[in-house]
Amino acid sequence: MTKQLKFAAAVLGALSVSVTHAQAQQVLEGIVIDIPAAPGGGTIQIDKVPGGVTLVDSETIAENGRNDIQDVLSKKVPGVLLIDAGGSNIRSQLDYRGFGAGSITGFPQGMAVYQNGIRVNEVFGDVVNWDLIPTNGISDIAVVSGNPVYGLNALGGAAVIRMKDGFEFQGVEIEGKFGSYGYKEVGTQIGIQSGPWAFYFAGQHIDEDGWRDFSPAEADRMYADLGAKGSKVEAHINLTWAKTSAGVTAATPQELLDISYDRTFTSPQVTDLEVLMPSINAKVDVTETLQVSGLAYYRRFKSSVIDGNVLEAEGCGEVTEEALEDALGREPTAAEINTVLTNNGLSDENLCSEEDVDGDSVQNLALEALRLANGELIEEDDVGEEPFGVIDRINQKAESWGGSLQAVEKMQLFNRPNQFLVGVSYDRGNVRYKTSSELGVIGPRYVVQGSGIILTDDDFAPRDVDVDTEYLGVYFTNTMDVTDALAVTVGGRFNYAKVDLVDLTGNFDGITSNHTFERFNPNVGATYKFMPGLQVFAGYSESNRAPTPAELACANPDNPCPIESFLTDDPPLDQVVSRTVEAGVRGELNSSSGDQKFTYGVGYFRTENEDDILFVNSNVTGRGFFFNGGNTLRQGIEARMSYAWQEKFSLYASYAYVHATYLDDLEFQSPAHPLAGPCSSDPEEEICIQVKAGDKLSNIPAHRFKAGFEYMITDKWMFGADLIASGGQYLLGDEINALEKTDAYARVDLKTTYQVTEQVQLFGFVNNVFDTQYGLFGTLFEADEAPVTEDLPAGFEFNNPRSIVPAAPVAAYGGMKVRF
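Residues numbered from 1 in each chain as written. Predicted model: local features only at pLDDT ≥ 70, side-chain atom pairs only at ≥ 80, totals over all residues. Heavy atoms only, no water.

## Quick word on the pairing of strand β11 (residues 171–179)
Turning to step 1, where the next piece is worked out: Across nine bridges, the pairing between β11 and strand β12 (residues 183–194) is antiparallel. Paired with Gly176 across the strands is Val186, a residue of β12.
Turning to step 2, where the next piece is worked out: Linking two consecutive strands that pair antiparallel, namely β11 and β12, is a turn of three residues; a positive phi of about 55 degrees is found at Tyr181 within it.
Turning to step 3, where the next piece is worked out: Relative to strand β41 (residues 811–819), β11 is paired through seven bridges, and the arrangement is antiparallel. Bridge pairing in β41 links Lys177 to Gly815. (Pairing = 2+ DSSP bridges. Helix = DSSP H or I, 4+ residues; strand = E, 2+ residues; numbered from the N terminus.)

Now the structure itself:
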């Protein structure tokens, strides 16, 4: 214990910047862990990076209770938090410093994600499907703050995932896990090296029932790598394949959650994904100081989304004569119109008189029209007895290919250590995007039963769009040790993006369009070691994000899209440009004996987005549109520390404050907001709210705190715990910050392992051990228009517009890992 006390004193001395020279010999000279210097290869020491960076290794990922990358990062990276709009553990979203990286098209993405140097933000919406990456095949993940070398979408930063190979992992590992809500998982790793050759394989199968209604999930995924290494050349061929299915059950009205925490609102909501991605990469040591590397890849991605929603009436004229004409495929006869009116107890005076036709009758008219066209598909006696819904089907097939070439020169410059990196990347993609909407009836537990009838009026008309994208990037970065203490980095990247859309239905001429975006983004920064264990850093960088095909084709408030993005003819959007400033202090201290280590860091960041692309709700339930919402600001602080004593005990803690605000006055459509008033564009439409500069962005919690420890009770038995705490967040639709936030929360997870033999390990985890109920995402819905199903208590009515994605309750998992 005396050693620990002496080391604690040394830590306090270092933090107060009063270490003597003798004490300085007891601390680490520098943080020498390497991280990716650019997506295509090359590394740089962390202590020369003029920005925030966190490295999460494979051991940390394996020790987490669930094999979800997002959950691991939310515990270990100070600025990261789960913001889950979808309601599925395996498909949850990340928020890093107020920038998103998730799987739902319709939420602007602000992080670039790379797997072995390949950008895996999908072609259509820049979304990140974390569930397609085999977690047991990951070697490490580096989360870095804004840096233009990571290309488009790195507004807030980038996550760089490096996969394992047979040179790194040898042997066989088999893992079995089971747990609450029918969770079952089997994983395996195989690594073989023979001379200059090595082979690696990782596979996983995950199956769970899910804890909410209609929320099962299944994932099959694998990664394989064949590598060869010589004295100057190393090359790898690898393959990623995955197929997943998830019940993405989304937000539920608060009043339904009060009845039962596992309730959902409108289903089915199922997302099926499949990806196939072969790639090849190689690096050559041309000289003792020059290394050239390159990669090439092909990616095939398929997505199928089934999304049940409430169907709202659009008014007499649109729903009667137009519905009849669309359903029949021709102009209705006078007799057919008369039949519809007679069956609904109306006269021809009511045909186009919105005042005389209430919402139910309008829906009856639409169903009568469809009944006529489909031979009694909907029985006359049933018309009007059930609330009506719609099942949106959204399918995409995407193919992309590309590559990069990069050179790193480490020759001294002016007799000082220097690293110069230059590279070029090219990516091309094609997407076939189709949508349709099927009329349905909402039954018990808000399940939408389809009728087989495809809707064809404007808001629901099928889409069929062909999309071509082309991205080119040329980048460089140079880091020079000006002195032994001072390292200066300068760099930049030129981005060119081309997006072409073609409407194949012939009904939406405005979709067919061509868009190009280009920009050069610079960065500059420096790090300075005041003394061993104490370093300061500061940097400035710019980045840009071109509007995605999904955003470009869904920017018209008169033709809103579902959150998973139908396409309409739209006005163009401008690209987003971010400018980031950050500065901080960090260090790493070792005891004189080397058995204790303390790391720390405190930093400030400020990122301003120009012409930020925002998504807002429309007056049609489940739909919205994108627009350039002026400038937004995300700024705050991050602080972290960790302590390790041999392999006996370790602990960590971090805190992040994220202040995310609008910098301009804006008008948002928010029809569900109780304070919504007239819109400037149409005063008769009372669905708008007036955002003022300084109002906070929705769904971005300001306070994030994490802490945890691991303790070896014996040489074989480990016990640990993790805490995640977060402040509340304003709901989507409450951009004026007038309503109550979601509740703040604190979640505690427990974990334990027991090493039975060198080859066999038993483990157990309990997530959310205190069964805390809290929301991961919130939005508003139009409570006064929501239908009430027959399974709800008598007299039940919706009055509260709050709709929440609830977090998972207490869950326990256990299993065994065998390695030989």
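## So, the sheet that holds strand β39 (residues 775–780)
Turning to step 1, where the next piece is worked out: Pairing within the open sheet is antiparallel, and its three strands lie in the order β16-β40-β39. Either end of the sheet is taken by a strand with one partner, and the two such strands are β16 (252–253) and β39.
Turning to step 2, where the next piece is worked out: In terms of strand pairing, β16 meets strand β40 (residues 802–806) through two bridges, oriented antiparallel. Its bridge partner lying in β40, Thr252 is registered against Ile804.

## Here's the deal with unusual backbone geometry
Turning to step 1, where the next piece is worked out: A cis amide bond links Ser267 with the next residue in sequence, Pro268, at an omega value of 10 degrees.
Turning to step 2, where the next piece is worked out: When you line up the elements, Pro268 lands in the loop between α5 (254–259) and β17 (269–285).
Turning to step 3, where the next piece is worked out: Here Asp126, not a glycine, exhibits a phi torsion of approximately 60 degrees, which is positive.
Turning to step 4, where the next piece is worked out: Positionally, Asp126 belongs in the loop between β8 (118–119) and β9 (138–145).
Turning to step 5, where the next piece is worked out: The class of Asp126 is buried, set by a relative accessible area of 4%. (Buried < 20%, exposed > 50% of the residue type's maximum accessible area, 1.4 Å probe, protein only.)

## Considering a nonpolar patch on the surface
Turning to step 1, where the next piece is worked out: There is a patch of nonpolar side chains on the surface, built from Leu405, Phe420, Val422, Val424, Leu472, Val474, Phe476, Val490, Phe494, Phe520 and Val524 and spanning about 810 Å² of accessible area.
Turning to step 2, where the next piece is worked out: Those elements that provide at least two residues to the nonpolar patch are β20 (418–442), β22 (463–481), β23 (486–503) and β24 (513–531).
Turning to step 3, where the next piece is worked out: The class of Val424 is partly exposed, set by a relative accessible area of 32%. (Patch = residues over 30% accessible without salt bridge, like charges linked within 9 Å, V, L, I, M, F, W, Y side chains within 5 Å. Areas by Shrake-Rupley, 256 points an atom, 1.4 Å probe, with all protein chains shown as cover. Salt bridge = Lys/Arg side-chain N within 4 Å of Asp/Glu carboxyl O.)

## Here's the deal with the sheet that holds strand β4 (residues 80–82)
Hydrogen bonds along the backbone pair up the strands of a sheet, which may run parallel or antiparallel.
Turning to step 1, where the next piece is worked out: The three strands are arranged β4-β5-β6 in an open sheet whose pairing can be described as antiparallel. In this open sheet, the two edge strands, each paired with only one partner strand, are β4 and β6 (99–101). Each strand axis lies, on average, 30 degrees off the axis of its neighbour in the sheet, ignoring direction.
Turning to step 2, where the next piece is worked out: Alignment of strand β5 (residues 94–96) against β6, held across three bridges, turns out to be antiparallel. (Axes fitted to C-alpha atoms, helices over the stretch in contact; angles between N-to-C directions.)

## Digging into the state of the cysteines
In protein structure, a disulfide is the covalent linkage between the sulfur atoms of two cysteines.
Turning to step 1, where the next piece is worked out: Overall, the coordinates contain one disulfide when judged by the stated rule.
Turning to step 2, where the next piece is worked out: With a sulfur-sulfur separation of 2.0 Å, Cys679 is cross-linked through a disulfide to Cys688. The S-S bond linking Cys679 to Cys688 shows a torsion near 95 degrees; that makes this disulfide right-handed. For the pair formed by Cys679 and Cys688, the shared burial category is buried. (Disulfide = S-S within 2.5 Å.)

## What to know about the packing of aromatic side chains
Turning to step 1, where the next piece is worked out: Evaluated as defined, the whole model comprises 21 aromatic pairs.
Turning to step 2, where the next piece is worked out: When the ring of Phe598 is compared with that of Tyr600, the centres are 6.0 Å apart and the planes differ by 25 degrees; the resulting orientation is stacked.
Turning to step 3, where the next piece is worked out: Ring centres of Tyr643 and Phe649 lie 6.4 Å apart, and the angle between their planes is 55 degrees; on these two criteria the pair is classed as tilted.
Turning to step 4, where the next piece is worked out: Take Tyr643: its relative accessible area is 15%, and that puts it in the buried class.
Turning to step 5, where the next piece is worked out: Judged by its relative accessible area of 24%, Phe649 falls in the partly exposed class.
Turning to step 6, where the next piece is worked out: Aromatic ring contacts, followed pair by pair, group Phe265, Tyr446, Phe781, Phe796 and Phe798 into a single cluster.
Turning to step 7, where the next piece is worked out: In this arrangement the basic side chain of Lys229 is found over the ring face of Phe167, its NZ or CZ atom lying 4.4 Å from the centre. (Phe/Tyr/Trp six-rings, centres within 6.5 Å; stacked < 30°, edge-to-face > 60°. Lys NZ or Arg CZ within 6 Å of the ring centre and 35° of its normal.)

## A short note on the environment of Ser303
Turning to step 1, where the next piece is worked out: Among the secondary structure elements, Ser303 is positioned in strand β18 (residues 290–310).
Turning to step 2, where the next piece is worked out: Taking relative accessible area as the criterion, Ser303 reaches 10% and is therefore assigned buried.
Turning to step 3, where the next piece is worked out: C-alpha of Ser303 to C-alpha of Val275: the two residues are 28 residues apart in sequence and 8.9 Å apart in space.
Turning to step 4, where the next piece is worked out: Those residues within four positions of Ser303 in sequence are excluded, and the remaining contacts are Asp272, Leu273, Ile394, Asn395 and Gln396. (Contact = heavy atoms within 4.5 Å.)

## Concerning the pattern of salt bridges
Turning to step 1, where the next piece is worked out: Counted according to the given criterion, the structure contains 32 salt bridges.
Turning to step 2, where the next piece is worked out: Arg747 serves as the salt-bridge partner of Asp71, at 3.0 Å between the closest nitrogen and oxygen. Separated by 676 residues along the polypeptide, Asp71 in helix α4 (residues 69–76) and Arg747 in strand β37 (residues 745–755) bring together distant segments of the chain.
Turning to step 3, where the next piece is worked out: The salt bridge partner of Lys75 is Asp749, with a shortest N-O separation of 3.0 Å. Here Lys75, found in helix α4, pairs with Asp749, found in strand β37; they are 674 residues apart in sequence, far enough to count as distant.

## Describing the pairing of strand β32 (residues 649–662)
Turning to step 1, where the next piece is worked out: Strand direction decides the pairing type here: strand β31 (residues 632–645) and β32, joined by 14 bridges, are antiparallel. Residue pairing for β32: Leu633 is matched across the bridge by Thr661.
Turning to step 2, where the next piece is worked out: Taking the residues between adjacent antiparallel strands as the criterion, β31 and β32 are bridged by three residues, where Gln646 takes a positive phi near 50 degrees.
Turning to step 3, where the next piece is worked out: Bridging between β32 and strand β35 (residues 703–712) involves nine bridges; their strand directions are antiparallel. Paired with Ser654 across the strands is Lys706, a residue of β35.

## Topic: α4
Turning to step 1, where the next piece is worked out: Counting buried positions over the eight residues of α4 gives seven, a clear majority of the element.
Turning to step 2, where the next piece is worked out: When α4 is considered as a whole, its buried residues turn out to be Ile69, Gln70, Asp71, Val72, Leu73, Ser74 and Lys75.

## Some points on the nonpolar core
Turning to step 1, where the next piece is worked out: Ranked by size, the top nonpolar core spans 37 residues in total, and within it Leu73, Trp130, Ile138, Ile141 and Ile161 carry the most contacts.
Turning to step 2, where the next piece is worked out: Broken down by secondary-structure element, the contributors of at least two residues to this core are α4, β4, β5, β7 (111–115), β9, β10 (157–163), β13 (197–208) and β18.
Turning to step 3, where the next piece is worked out: Listed in part, the 33 residues of the second largest apolar core include Leu273, Val275, Ala398 and Ala550. (Core = buried A, V, L, I, M, F, W, Y, C linked by side-chain atoms within 4.5 Å.)

Keep in mind these numbers describe shape, not what the thing actually does.
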